[in-house]
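Letter by letter, the chains look like this.
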Amino acid sequence: MIPRTVYNEDHEQFRDTVRKFLENEAAPHHAQWEKDGQVDRALWNKAGDMGFLCPQVPEAYGGLELDFGYNAIIDEEISRLGLTGIGWGLHSDIAVPYIVNYGSEEQKQKYLPKCISGELVTAIAMTEPGAGSDLQGVRSTAIKQGDHYVLNGSKTFITNGQHADLVVVVAKTNPEEGASGVSLLLVEADSPGFKKGTNLEKIGMKAQDTSELFFDDVKVPVENLLGAEGQGFVYLMQELPQERLSVAVNAIANAEAALGWTIDYVRERKAFGKPIAAFQNTQFKLAELDSELTALRVFVDRCLELHYDRKLDVSTAAKAKYLSTDFQCKLLDECVQLHGGFGYMWEYPIARAWADARVQRIYAGTNEIMKLIISRELLKE
Ligand SMILES: Cc1cc2nc3c(=O)[nH]c(=O)nc-3n(C[C@H](O)[C@H](O)[C@H](O)COP(=O)(O)OP(=O)(O)OC[C@H]3O[C@@H](n4cnc5c(N)ncnc54)[C@H](O)[C@@H]3O)c2cc1C
């Protein structure tokens, strides 16, 4: 076991609080939330009361102004318990940082305190039915007319889509342009013309609300433009490393937990008169998985350290996302195998984790797109 040095004592105390909260307030209800297709909205407010939302936000806006390690600890504890319905990571690690980093003073004052308290749930709407990997191809438009933009278009697969009160929307303010025509807008969910589609039925992460969003002549005040017009793509590129690191952190924490569940299982379960753990195949599989896990844990922790110092580059974040999620899926598949038929039963955490993990290789940029980013960097003249 290689000791982790990425967290200090304060981080670990925070972890205990998060863990207890999740064990008491979320884990017992998660199976029901899977049936409901979303977590109880009140969980967000409880998390806000506990200081679990947006720990990085500056004190000036009511935040705790902590380092990203606190976000990572929350991500790890959620993943460790397989509570994939909880969309705090999307809120704290991905959507809200756009307001912190590019928002006007007025936007920060207006929205950040409510994002911290859980009064506002955020989402980020990039993907459209016709444009996912190729974000420059988004068709949603936000055309300036006097003191507002008129937003039209539709988005899909949006995490927190049902609960969202505030959405960072990627749209073209100049439809003639590619990347340089893209802007980000803060859109309030109760704006006339903004409709949420049905909660999409997924093969995993069943307690996570994931939706289509529709914009029909939605008037977005010009004050709700995030940052500068035409800079949306640049902002996305700047923020995506944190999103990808967050996914990598989740992947490794979940893989670690799943390996633990499997070790417990193979010790208990017997075949041919002995525990499954007594077979050399089991021992070798566990040894292989644990070895790779150790290497990836060290790599992802190093990425976290780099990120504390704002030195995590786009290509390294892409490597972390791709390697950790590919590995997570591989590990879960092997662990399901070691569980035999029980591993295929929804009541077993390993089965849920296997289904939940599959999307990790798809969202936050597919792993193929990660390889494009890495190879581009390698082949750069
Ligand atoms: C559960 C879930 C939650 C999500 N949450 C959000 C969210 O909150 N906000 C949001 O905006 N989006 C979200 N997404 C969308 C997600 O980011 C996209 O699905 C993802 O980026 C891929 O886009 P796509 O589905 O259009 O696939 P496509 O882009 O159509 O890709 C299809 C396949 O082609 C491959 N491919 C595409 N281009 C290339 C290329 N140049 N070279 C090689 N291979 C390529 C891809 O890797 C993939 O294998 C979510 C998706 C899911 C399933």
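Residues numbered from 1 in each chain as written. Predicted model: local features only at pLDDT ≥ 70, side-chain atom pairs only at ≥ 80, totals over all residues. Heavy atoms only, no water.

To describe a pair of aromatic rings, one takes the distance between the centres and the angle between the planes. All told, the structure shown has 10 aromatic pairs when counted by the stated rule. Taking the centre distance of 4.0 Å and the plane angle of 20° together, the rings of Tyr102 and Tyr235 count as stacked. Of this pair, Tyr102 sits in helix α5 (residues 88-102) while Tyr235 is found in helix α7 (residues 232-268), placing the two residues 133 residues apart along the sequence. Overall, Tyr102 belongs to the buried group, its relative accessible area being 14%. Tyr235 sits in the buried class, given a relative accessible area of 10%. Between Phe342 and Tyr348 the ring centres are 5.6 Å apart and the planes differ by 45°, which places this aromatic pair in the tilted class. According to the relative accessible area criterion, Phe342 is partly exposed, its value standing at 36%. Lying across the ring of Trp346, Lys206 places its NZ or CZ 5.6 Å from the centre. (Phe/Tyr/Trp six-rings, centres within 6.5 Å; stacked < 30°, edge-to-face > 60°. Helix = DSSP H or I, 4+ residues; strand = E, 2+ residues; numbered from the N terminus. Buried < 20%, exposed > 50% of the residue type's maximum accessible area, 1.4 Å probe, protein only. Lys NZ or Arg CZ within 6 Å of the ring centre and 35° of its normal.)

On to helix α9 (residues 314-339). Over its 26 residues, α9 extends 37 Å from the first C-alpha to the last, a length consistent with the 38 Å expected when each residue adds 1.5 Å. Among the residues of α9, the N-terminal cap falls to Asp313, whose side-chain oxygen and the backbone nitrogen of Ser315 are separated by 3.1 Å. Positive phi appears at Gly340, one or two residues downstream of α9, with a value of about 60°. (Expected span 1.5 Å × (residues − 1). Polar contact = N/O pair within 3.5 Å; in protein donor to acceptor, adjacent residues only side chain to side chain.)

Turning our attention to the site of the ligand. As a structural note, the neighbourhood of the ligand is formed by 18 residues, with Thr127, Ser133, Thr159, Thr366 and Glu368 the closest of them. The separation between an oxygen atom of the ligand and a polar main-chain atom of Gly132 is 3.4 Å. Phe157 is positioned such that a nitrogen or oxygen atom in its backbone is 2.8 Å from a nitrogen atom of the ligand. Burial of the ligand by the protein amounts to 64% of the accessible area it has alone, namely 970 Å². Secondary structure elements with two or more residues in the shell around the ligand: β1 (122-125), β3 (148-159) and α11 (367-379). Each residue belonging to the shell around the ligand can be placed in one class, and the counts come to 11 nonpolar, five polar and two charged. (Near = heavy atom within 4 Å. Areas by Shrake-Rupley, 256 points an atom, 1.4 Å probe, with all protein chains shown as cover. Nonpolar A, V, L, I, M, F, W, Y, C, P; charged D, E, K, R; others polar.)

For the rest of this paragraph, the subject is the domain arrangement of the chain. One frequently used descriptor of interface size is the decrease in accessible area upon assembly of the parts. Domain boundaries in the chain define domain 1 (9-121), domain 2 (123-228) and domain 3 (234-379). Each of domain 2 and domain 3 has a C-alpha centre, and the two are 30 Å apart. Of the roughly 910 Å² buried between domain 2 and domain 3 on both sides combined, carbon and sulfur atoms contribute 76%. When the buried area of domain 2 at its contact with domain 3 is split by residue, Ser133, Leu184 and Met205 rank highest and sum to 43% of it. The tally of links between domain 2 and domain 3 comes to zero salt bridges. Counting across the interface, domain 2 meets domain 3 through two residue pairs in polar contact (both at pLDDT 80 or more). Classifying every residue of the side of domain 2 that touches domain 3 gives nine nonpolar, three polar and one charged. (Domains from an automatic or database assignment. Buried area = accessible area lost by both parts, 1.4 Å probe. Salt bridge = Lys/Arg side-chain N within 4 Å of Asp/Glu carboxyl O.)

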